[in-house]
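Residue-level listing of the chains:
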Amino acid sequence: MDRGHISSRMSIRGIGRLLAVSRASLASVFLLAVWLDPPGTAYAADLGYIMVILYAAWSALLVFVAMRSWWHEYRFAPLVQGIDILAFAAAAFLTEAADGNFHSPFLAFAAFLLITASLRWGMRTVGLTAITLTMLYGAVGTGASILGLAHSVHQLLHRETYLIALSIMLVWLGAGPKTPRMLPLPDPGGIPGKRKMELISSALTFTCDTLHAQKAAIALLHEEELWTEVFHREHGQIRVERLPFDDQAGHADDPDTAVLFDTRKGRRITSTPDDRLGILREHYFIELSNTFAANEGISANFSFNGAQGELLIWTMDAPCVDDLPVARSLAREIGAALEHEETAALAQSIAVANVRNAVARDLHDSVAQFMAGTIFRLEALRGWCRRGEDPDEEIVAIKSALRTEQRHLRAMIDRLRNATDGDRDADVIAELQSVLDEIGQHWQISTDLISAHVALDVPIGLAYDLRQLVREAVANAVRHGECRHIELVLKREPDQTLRIRIRDDGKGFPEAPTAPRSIDERIRALGGRLNVANTNPGVELHIEVPIRKAS
């Protein structure tokens, strides 16, 4: 840790430190018990006293080591476990009176060793420890019995039975399903997709509080970018930096890893997704610790939406290997939160793009085409005036058409403001007949609507789209094909498909027909299909759209 920022006070946070303190407490209590109630006829009583005193001193030394160095505490753990097993076997005999029972720390030592194995290495090591304790105790007891130095065979078997029962119980209790360590991040509030900074700030604060750290940083690297985005928390303040991308930066093969490191001494312990600890000798992701001169701390990798990230925590209060699964869980949650945030932002961008396209289509199919028709009628009106004809009737008609278009435009604005059409249905026959009458008068052409249905209800949104679609189709036929007549045939199929055929008597396409962009986009948005064909004369549009009833 950075000694300039962290006091030298000791902390028992972490399993290793807790076990060290528990071992020392157990040894001290047993030494006190033997001193208060000495086994007067114990075998090699003086040697037993010496052994208990030495073991208590050894336990005190281990507490000091565990508090001062997570590295040595981790590296010496297997050796310490072996010494504990030997001390168990010796203490069980050297401090037990021949005519007494249970002066030795038999059950307490056995339980402590099995619990240590469970917390540190898992059930496999618990089983191996149990087998070793049982066999070693049996071997030492048998040898002592042969030499006439130990308890009766009955007492030895009694002790072995206790040991086996205790081992089975602890193995069984620890063999149940393991619940993954999860640390859900607090919700920063706000609108998903627009709260990246708030989310990262909340995650850094939560990380520092959880792991008793003063400083933390999150680095985000997108492969397509030439820089790394770094969010840094120090003394409650969040700063954002962009650092140049380093091609020499290391990368972890598995993003779901965490590393406890001390760069000054070249020490690194890693925790993998299956909670296995090991010594790490290669680089890991971005060496963010060099950027902030973090000599000691934890680095955890994560990924989100194809990008990589690193969570760095340093200036910690007594870091230990037990912090690694916690840091890995935090990094995983940060990656998931960032992925959800980017997904929400992308969904919003797509929604905005869809709205823009829809508005553009509506403006093109309504206002733009109406203005083109109005220009067409004004040109005709100017011809009337030049010929001396009375323009009043046409002026009144154009004025009425403008008012009608104004109502349509206000209705479109209302649809955008309300964002929904509700659950209402509309009679598509009446809607299409109305729009054919309007545009027929506006473009001064004749129109026909042919359908076997007197009325046909469809969702109001579909009716609106079909109105706009027909307006665009008629405008194209008049402007580009110079048609004088439009025929629209509508039919509903048993599979709830609506078939529409729009035919004009214009010039048609000079070459192969192409689908009008606005009409094609609208039909695709409705989940339908469009086919365009020259009919000589004219053009014919074949449209199929599904009828989706509002539910």
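Procedures and definitions
- Residues numbered from 1 in each chain as written.
- Predicted model: local features only at pLDDT ≥ 70, side-chain atom pairs only at ≥ 80, totals over all residues.
- Heavy atoms only, no water.
- Pairing = 2+ DSSP bridges.
- Helix = DSSP H or I, 4+ residues; strand = E, 2+ residues; numbered from the N terminus.
- Axes fitted to C-alpha atoms, helices over the stretch in contact; angles between N-to-C directions.
- Contact = heavy atoms within 4.5 Å.
- Salt bridge = Lys/Arg side-chain N within 4 Å of Asp/Glu carboxyl O.
- Buried < 20%, exposed > 50% of the residue type's maximum accessible area, 1.4 Å probe, protein only.
- Patch = residues over 30% accessible without salt bridge, like charges linked within 9 Å, V, L, I, M, F, W, Y side chains within 5 Å.
- Areas by Shrake-Rupley, 256 points an atom, 1.4 Å probe, with all protein chains shown as cover.
- Phe/Tyr/Trp six-rings, centres within 6.5 Å; stacked < 30°, edge-to-face > 60°.

Visitor: What is the right way to look at the sheet that holds strand S13 (residues 497–504) in this model?
Guide: Remark on secondary structure: sheet strands pair via backbone hydrogen bonds, oriented parallel or antiparallel. Taken in spatial order, the five strands of this open sheet run S10-S12-S13-S15-S14, and their pairing is mixed. Looking along the sheet, the strands with just one partner apiece sit at the ends: strand S10 (446–451) and strand S14 (529–534). Ignoring which end each strand starts from, the neighbouring axes of this sheet average 15° apart. Pairing between S14 and strand S15 (residues 539–546): six bridges, direction antiparallel. Residue pairing for S15: asparagine 534 is matched across the bridge by valine 539. Along the sheet, helix H12 (residues 428–443) contacts S10 and strand S12 (485–492); its crossing angle with S10, the most-contacted strand, is approximately 170°.

Visitor: How should the pattern of salt bridges be read in this particular structure?
Guide: Where charged atoms from two side chains of opposite charge approach closely, those side chains can pair. Applying the stated criterion to the full structure yields 18 salt bridges. With a shortest N-O distance of 2.7 Å, aspartate 465 and arginine 522 are connected by a salt bridge. Here the residue aspartate 465 occupies a position in helix H13 (residues 460–481), and arginine 522 occupies one in helix H14 (residues 517–525), the gap between them amounting to 57 residues. For arginine 522, a relative accessible area of 2% translates into the label buried. The network of salt bridges with shared partners includes Lys491, Glu493, Arg499, Arg529 and Glu544.

Visitor: Please clarify how a nonpolar patch on the surface should be interpreted in this entry.
Guide: Taken together, the side chains of Leu32, Trp35 and Leu36 make up a nonpolar region of the molecular surface, amounting to roughly 390 Å² of accessible area. Taking the relative accessible area as the measure of exposure, tryptophan 35 reaches 61% and is therefore exposed.

Visitor: Explanation requested: the sheet that holds strand S3 (residues 237–244) in the structure shown.
Guide: Read from one edge of the open sheet, eight strands run S3-S2-S1-S8-S7-S4-S5-S6, paired in antiparallel fashion. At either end of the open sheet lies a strand with only one pairing partner, and these are S3 and strand S6 (277–279). Adjacent strand axes in the sheet meet at a mean angle of 20° when their direction is disregarded. Where strand S1 (residues 213–221) meets strand S2 (residues 227–234), seven bridges bridge the pair, whose relative direction is antiparallel. Bridge pairing links leucine 221 to threonine 228 in S2.

Visitor: What is the right way to look at unusual backbone geometry in this model?
Guide: Peptide bonds are trans in most cases, and residues, glycine excluded, mostly fall at negative phi. Between asparagine 536 and proline 537 the backbone carries a cis peptide bond, its omega angle lying at 5°. Positive phi, close to 55°, is recorded for histidine 212, a residue that is not glycine. Within the secondary structure layout, histidine 212 lies in the loop between helix H8 (196–210) and S1. Histidine 212 gets classed as partly exposed once you look at its relative accessible area, which sits at 40%. Backbone geometry places asparagine 536, a non-glycine residue, at a positive phi of 45°.

Visitor: What's the story with the packing of aromatic side chains in this structure? I'm lost.
Guide: The relation between two aromatic rings is expressed through the spacing of the ring centres and the mutual angle of the planes. In total, this model carries three aromatic pairs according to the counting rule given. Seen in terms of ring centroids, tryptophan 70 and tryptophan 71 are 6.2 Å apart; in terms of plane orientation they differ by 80°. Their pairing is edge-to-face. Each member of the pair tryptophan 70 and tryptophan 71 is classed as buried.

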